[in-house]
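# Topology and contacts: notes
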Amino acid sequence: MKDWATAIFSFNYFKSLYANVSLDRNKDCQFFQYKTDFSTLEDVFNMEPDRAAFKPGTEPWYIGWSNCIPEVAAELRKHYKVPYFLGQSERTRDDWMFMGSPGYKGAPLHIDWVEYNSWQAQIRGRKRWTFIPPPECWYSCPHRHHITVSPGNIFVFDSNRWFHSTEVLEGEYSLTIGAEYD
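Predicted, not measured: the structure shown is a model, and the values here were computed from it.

Definitions and limits used
Residues numbered from 1 in each chain as written. Predicted model: local features only at pLDDT ≥ 70, side-chain atom pairs only at ≥ 80, totals over all residues. Heavy atoms only, no water. Helix = DSSP H or I, 4+ residues; strand = E, 2+ residues; numbered from the N terminus. Rg over C-alpha atoms; globule rule 2.2 N^0.38 Å. Contact = heavy atoms within 4.5 Å. Lys, Arg positive; Asp, Glu negative; His and termini not counted. Charge placed at Lys NZ, Arg CZ, Asp CG, Glu CD. Core = buried A, V, L, I, M, F, W, Y, C linked by side-chain atoms within 4.5 Å. Buried < 20%, exposed > 50% of the residue type's maximum accessible area, 1.4 Å probe, protein only. Pairing = 2+ DSSP bridges. Axes fitted to C-alpha atoms, helices over the stretch in contact; angles between N-to-C directions. Patch = residues over 30% accessible without salt bridge, like charges linked within 9 Å, V, L, I, M, F, W, Y side chains within 5 Å. Areas by Shrake-Rupley, 256 points an atom, 1.4 Å probe, with all protein chains shown as cover. Salt bridge = Lys/Arg side-chain N within 4 Å of Asp/Glu carboxyl O. Disulfide = S-S within 2.5 Å. Phe/Tyr/Trp six-rings, centres within 6.5 Å; stacked < 30°, edge-to-face > 60°.

What follows deals with the overall build of the protein. What the protein contains, in helices and strands, is four helices and nine strands. Counting helices and strands in the order they occur from the N terminus, the protein gives α-β-α-α-β-α-β-β-β-β-β-β-β. Whereas a compact globule of 182 residues would reach a radius of gyration of roughly 16 Å, the protein reaches 16 Å, a difference of no more than 12%. In terms of principal-axis extent, the alpha carbons of the protein reach across some 50 × 40 × 30 Å. Once local pairs closer than 6 in sequence are excluded, the contacts in the protein between residues at least 24 apart make up 81%. Between the mean site of the 19 positive side-chain charges and the mean site of the 23 negative ones, the protein shows a separation of 4 Å.

Formed by 34 residues in total, the largest nonpolar core has its most connected members in F14, L76 and W119. Looking at this core, the elements with two or more residues in it are α1 (11-19), α2 (41-45), β2 (62-67), α4 (70-76), β3 (95-100), β4 (117-124) and β9 (174-181). Sequence-distant contacts of F14, defined by excluding residues within four places in its chain, comprise F9, F45, W65, L76, M97, M99 and L175. Core analysis: the next-biggest nonpolar cluster, separate from the first, contains seven residues, Y62, W96, F98 and Y104 among them.

Let us now look at the sheet that holds strand β6 (residues 145-149). Reading across from one edge, β6-β5-β8 is the order of the three strands in this open sheet, with antiparallel pairing throughout. The sheet terminates laterally at β6 and β8 (163-168), the two strands that pair on one side only. Across the sheet, the mean angle from the axis of one strand to that of its neighbour is 20 degrees, orientation sign disregarded. Pairing between strand β5 (residues 127-132) and β6: five bridges, direction antiparallel. Across the sheet, the residue bridging to W129 is I147, located in β6.

Let's shift gears to a nonpolar patch on the surface. Among the surface-exposed residues, Y84, F85 and V156 lie close enough to one another that they form a single nonpolar patch of about 350 Å² accessible area. Looking at the element boundaries, V156 is found in strand β7 (residues 154-157). On the accessibility criterion, V156 (35% relative accessible area) is partly exposed.

Sheet architecture is open: six strands sit in the order β1-β2-β3-β9-β4-β7, paired in antiparallel fashion. Each edge of the open sheet carries a strand with a single partner, namely β1 (31-32) and β7.

In protein structure, a disulfide is the covalent linkage between the sulfur atoms of two cysteines. Scanning the entire structure with this criterion turns up one disulfide. Each sulfur in the disulfide pair C137 and C141 lies 1.4 Å from the other. Since its relative accessible area comes to 13%, C137 is described here as buried.

This next bit is on the packing of aromatic side chains. All chains considered together, the criterion is met by 23 aromatic pairs. Ring centres 5.9 Å apart and planes at 25 degrees place the aromatic pair F32 and Y34 in the stacked group. Taken together, a centroid distance of 5.8 Å and an interplanar angle of 10 degrees make the contact between W129 and F131 stacked. A single burial state applies to W129 and to F131, both of which are buried.

Here you go:
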């Protein structure tokens, strides 16, 4: 990630980036509200500034979204690229963004319904991932695996087969970028 220019990424950066496009165009993209009061990405970008800045005493939040607006994707990809160890094998133009409050539960235990494996890059904050192996591994693998990722860490996994959940650890807010590859 040393050649990535992701220091610019923040709530305000994403808000300004999406301010230049109709969010109605993003309605066919996935939005993960998790345990928040947000129904859309527009709701997120219209939250109170103190809550958006993760100020103490404000309601914590964690959300995710896929970006399927070509001009937004093009702008985002000016700042990062496919991780070098994957070559150019990416199959999707949609990137996923996950952002949330420090010390807050992230995504609950789930599996994804996507076509390919995914890569996840931790940009800000620290996040603890929990993985439960697929059934064919239950008798030979530990029941749960845990990893903690920090800024600069990238990992890949088959999110269609491994149940997974996340928790944002104390400290800085979490920002993760991901996409599918084959």
